[in-house]
Amino acid sequence: MPGAPQDPEGGSLSYQDSSRDRDNGQDHRQDQDQDQDQEGIEAVLESFTRLVQAAAEAGRDWKLVDALLHTMVDLVLETSGDLFAPPETSVAEALTDSESAAAQTIAPGRSNRRLRVEYRLRLEAVIDSWSDDETADFLMIGLRQVRRRAQQGSLYYFLVNRKRRYPVWQFDRFCTVVEGIAVVGQAFPKSWPADRVYAFMTDPSLELRHLTPAQWLLGHRDPHRVAAVIASIADR
């Protein structure tokens, strides 16, 4: 019986072919891994670019991006990345039917994973707040005056990465601060984080005639009523 074909160097052609196939397979897998790595890099860069563009298009400053990034890092570290609601409930909690349909129209096939409500609130509290520069521009005063008012308690603020953020709910459309902020600000328990304060100020209250505390203050109503509601919740 004739032996396996020999190449000019005396090696087996069938052995060389199989070795070459293995090498080609390894090269292909390496190429695929590199492509996936590059896709991952591009996805992260695209997300960052969209965040910066969204802030700019909304007329916000770079300090919002800085605050959001620090908050996101804190969330990831605290949760080890477990930020999302289960798939079967995430859409129902985060989107209305019309919003869900619109999202699928804009980006069919995109994942429906949504942030858990409590984590979404933390980010909303940051988004719905202004930096010292934005606050100074809105109130038409200098940065030094903004910081002085914050120290005096006539401007309410919270900290993100040791930088002050001023919740938007304390401002009215006349470029002023609503009356009673000092009273309300002093009533908040020290243990309440920014998202807890944000949720309280933007949720309707039975004790305030179904208005949100922010709406109550915007209507020039008694801030001590808001402080009393805070005290009743803190005592529970």
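Refer to the structure above for everything that follows.
Here the structure is a predicted model, which means the values were calculated and not measured. Along each chain, the written sequence defines residue order, and numbers are assigned to residues from 1. Local features are withheld for residues below a pLDDT of 70 in this predicted model, meaning they are given only at 70 or higher, and side-chain atom pairs are given and counted only at 80 or more; totals for whole chains, interfaces and linings count all residues. Only hydrogens and water are set aside; all other atoms, that is, all heavy atoms of the structure, feed into the side-chain values.

## Let's talk about the packing of aromatic side chains
Here is step 1: Planes of paired rings set the category: under 30 degrees apart is stacked, over 60 is edge-to-face and the rest tilted, where pairs are Phe, Tyr or Trp rings (Trp by its six-membered ring) whose centres lie within 6.5 Å. This structure, assessed with the given rule, holds ten aromatic pairs.
Here is step 2: Of the aromatic side chains, those joined through ring pairs into one cluster are Y156, W169, F188, W192 and F200.
Here is step 3: Two conditions define a charge located above a ring, namely a distance within 6 Å from the ring centre to NZ of Lys or CZ of Arg, and an angle within 35 degrees of the ring normal. The side chain of R196 reaches across the aromatic face of W192, ending 4.2 Å from its centre.
Here is step 4: Sitting above the plane of the W216 ring, R221 keeps its charged end 5.4 Å from the centroid.

## Description of the sheet that holds strand β1 (residues 129-130)
Note: strands within a sheet are paired through backbone hydrogen bonds, in either parallel or antiparallel orientation.
Here is step 1: In this description, strands pair whenever DSSP reports at least two bridges between them. Only DSSP runs of H or I reaching four residues or more are called helices, and only runs of E reaching two or more are called strands; each is numbered from the N terminus. A sheet is described by the order of its strands in space; here three strands give the open sequence β1-β3-β2, paired in antiparallel fashion. Bordering the open sheet on either side are β1 and β2 (158-160), each of which pairs with just one other strand.
Here is step 2: We call two residues in contact when some of their heavy atoms are within 4.5 Å. In this analysis an axis means a line fitted to C-alpha atoms, helices contributing only their contacting stretch, and an angle means the value between N-to-C directions, from 0 to 180 degrees. This element, helix α2 (residues 62-79), spans β2 and β3 (163-167) of the sheet and lies at about 105° to β3.

## Side note on a nonpolar patch on the surface
Here is step 1: Here the term patch refers to residues with relative accessible area over 30% and no salt bridge, with like charges joined within 9 Å and nonpolar side chains (Val, Leu, Ile, Met, Phe, Trp, Tyr) within 5 Å. Every accessible area reported is derived by Shrake-Rupley at a probe size of 1.4 Å, with residue values counting cover from the shown protein chains alone. We define a salt bridge as a contact between a side-chain nitrogen of Lys or Arg and a carboxyl oxygen of Asp or Glu at a distance within 4 Å. Taken together, F48, V52, L69 and M72 make up a surface patch of nonpolar side chains, about 300 Å² in accessible area.
Here is step 2: Those elements that place two or more of their residues in the nonpolar patch are α1 (13-57) and α2.
Here is step 3: Summarising the element assignment, F48 is placed in helix α1.
Here is step 4: Owing to a relative accessible area of 43%, F48 belongs among the partly exposed residues under this scheme. Classification of residues uses two cut-offs on accessible area relative to the type maximum, computed with a 1.4 Å probe and protein chains only: under 20% is buried, over 50% is exposed, and between them is partly exposed.

## Here we look at the nonpolar core
Across soluble globular proteins, nonpolar side chains have a tendency to be buried as a group.
Here is step 1: W169, F188, F200, M201, L217 and V226 are the most contacted members of the largest nonpolar core, which totals 18 residues.
Here is step 2: Contributions of two or more residues to this core are made by α8 (181-187), α9 (194-202), α10 (213-218) and α11 (223-234).
Here is step 3: The element contributing the most residues to this core is α11, with four residues.
Here is step 4: The contacts of F200, once residues within four sequence positions are left out, are F188, W192, P213, V226, V229, I230 and I233. The criterion is simple. A nonpolar core is a set of buried Ala, Val, Leu, Ile, Met, Phe, Trp, Tyr and Cys residues joined through side-chain atoms within 4.5 Å.

## Brief notes about unusual backbone geometry
Negative phi is the rule for most residues except glycine; trans is the rule for most peptide bonds.
Here is step 1: The residue S80 is not glycine, and still its phi comes out positive at about 55°.
Here is step 2: A positive phi angle, near 60°, is found at H220, a position not held by glycine.
Here is step 3: Relative to the assigned elements, H220 resides in the loop between α10 and α11.
Here is step 4: A relative accessible area of 56% places H220 in the exposed class.

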